[in-house]
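The lines below spell out each chain.
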Amino acid sequence: MAVGIRAHVRAFSCSHCGQVVSFDDLGCGRCDSPLGYVPDRSELVAVTHVGDGELVDLTGAEPRRWRRCETSPLTGCNWLVEGDGLCLSCALTRVRPNDQDPEGLGEWVEAERAKRRLLHQLTSLGLPVVSRNEDTQQGLVFDLLSSVATKVITGHDNGIITLDLAEADDEHRERLRRSLNEPYRTLLGHFRHEIGHYYWPILVDDDDTLAACRSLFGDDREDYALAVKQHYERDVVDIPDTHISAYATMHPYEDWAESFAHYLHILDTLETAAQFGLAPPVATFSEVIEAWLRLSVGLNQVNRSMGRDDLYPFVLTPTVVRKLAFVDSVVRR
């Protein structure tokens, strides 16, 4: 993208032969070159095996030696590390299913794939990612829990993001989506929503910003537990033109998190579309919204042509756009 919004998940290509590859690919389908993601460059590069598990990246000015992330044999992680150990994304996972839980392990693989995409976007946007090891009180950590034996509630608490890995199962997730009357429910969407809660105190960090935030999203000092109770006691939750979703009407915290998630959805999809010539490059947020409205309408019509539901089943009213613009302003800052 042009100056103003840095690139995130986009179209990647093999640095050896130029073939278009996917963000999670371990190898190029055309030239068979091993591929690895370099976090500090936000790039997927072709590497060469040099023995004993070492890989050499020959694309930079100076050759760099790498190893695959320690979880790669289990998760298919293609992120590279210097030395041994875990990559930036996998190191943030504090709890995962045990080896005797094959169902949970399969769901964990899907969750890690979505989390890598999230972390790539956050770091590419310049958002701070502070681990629990660096900040033992508020640092970021993920508990990816199997609900095969016990109930798990997805949520955020002072930097701890808990995810019910059953959300990685398409049938389970679709049943919940229908029972809760949601138009949209994805694993990546959960991560983007919960990370929005993590960034609230980081981005809304002074009195003026907090006042501006409350003027748009409402007073976050409202009783959260009561708001949740009242939300789920209602048979039908209407979506006013001031909110992006029914869930956003629950409490100002949830309105912020839903708006933050949609901001990430929009930037990611728009950037990818631009790489394939389906959307123009953009710099300002007004250009983002203009391009997104055109693209999302087109994508919805394409889906309908295939007999599918809308890809983006949401309405961006003027008030919702103002909320997204606020998120953009604090992210850029």
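The rules behind the values
- Residues numbered from 1 in each chain as written.
- Predicted model: local features only at pLDDT ≥ 70, side-chain atom pairs only at ≥ 80, totals over all residues.
- Heavy atoms only, no water.
- Helix = DSSP H or I, 4+ residues; strand = E, 2+ residues; numbered from the N terminus.
- Rg over C-alpha atoms; globule rule 2.2 N^0.38 Å.
- Buried < 20%, exposed > 50% of the residue type's maximum accessible area, 1.4 Å probe, protein only.
- Pairing = 2+ DSSP bridges.
- Axes fitted to C-alpha atoms, helices over the stretch in contact; angles between N-to-C directions.
- Contact = heavy atoms within 4.5 Å.
- Arc of directions from axis to C-beta.
- Polar contact = N/O pair within 3.5 Å; in protein donor to acceptor, adjacent residues only side chain to side chain.

Q: Help me understand the overall build of the chain in this model?
A: Along the chain, the regular secondary structure elements total 10 helices and 11 strands. A compact globule built from 333 residues would reach a C-alpha radius of gyration of about 20 Å, and the chain, at 20 Å, matches this within 12%. Seen along its three principal axes, the alpha-carbon backbone of the chain occupies a region of about 60 × 45 × 45 Å. Here the chain holds 333 residues, and 48% of them are scored as buried.

Q: Please explain the sheet that holds strand 8 (residues 93-95) as it appears in this structure.
A: What holds strands together in a sheet is hydrogen bonding between their backbones, with the strands either parallel or antiparallel. Strands sit in the order 8-9-11-10 across an open sheet of four strands; the sheet is mixed. Looking at strand neighbours, the two that pair on one side only are strand 8 and strand 10 (155-157), the edges of this open sheet. The average angle at which neighbouring strand axes cross in this sheet is 30°, direction not considered. Across the sheet, helix 5 (residues 187-203) is in contact with strand 9 (141-145), strand 10 and strand 11 (160-164); its angle to strand 11 comes to roughly 160°.

Q: Help me understand helix 6 (residues 207-217), please; the structure alone is not making it clear to me.
A: Structural remark: α-helix, 3.6 residues per turn; residues separated by three or four positions point the same way. Turning to helix 6, its buried residues number three or more, namely Thr-209, Leu-210, Cys-213 and Phe-217. One face of helix 6 carries all of its buried residues, which in axial projection span an arc of 95°. Exposed side chains of helix 6 directed beyond 90 degrees from the buried face belong to Asp-207, Asp-208 and Ser-215. Each element contacted by the buried residues of helix 6 is listed here: helix 5, helix 8 (252-275) and helix 10 (318-332). With a side-chain oxygen positioned 3.1 Å from the backbone nitrogen of Asp-208, the residue opening helix 6 is Asp-206. Of the residues flanking the end of helix 6, it is Gly-218, one or two places downstream, whose phi is positive at about 105°.

Q: Sorry if this is basic, but what is going on with unusual backbone geometry here?
A: The general pattern is negative phi for most residues beyond glycine and trans for most peptide bonds. For Ser-42, which is not a glycine, the phi torsion comes out positive at approximately 50°. Examined against the element boundaries, Ser-42 turns out to sit in the loop between strand 3 (35-38) and strand 4 (43-51). A relative accessible area of 15% means that Ser-42 is categorised as buried. Of note in this structure, Asn-158 is not a glycine but carries a positive phi near 50°.

By themselves these figures say nothing about function.
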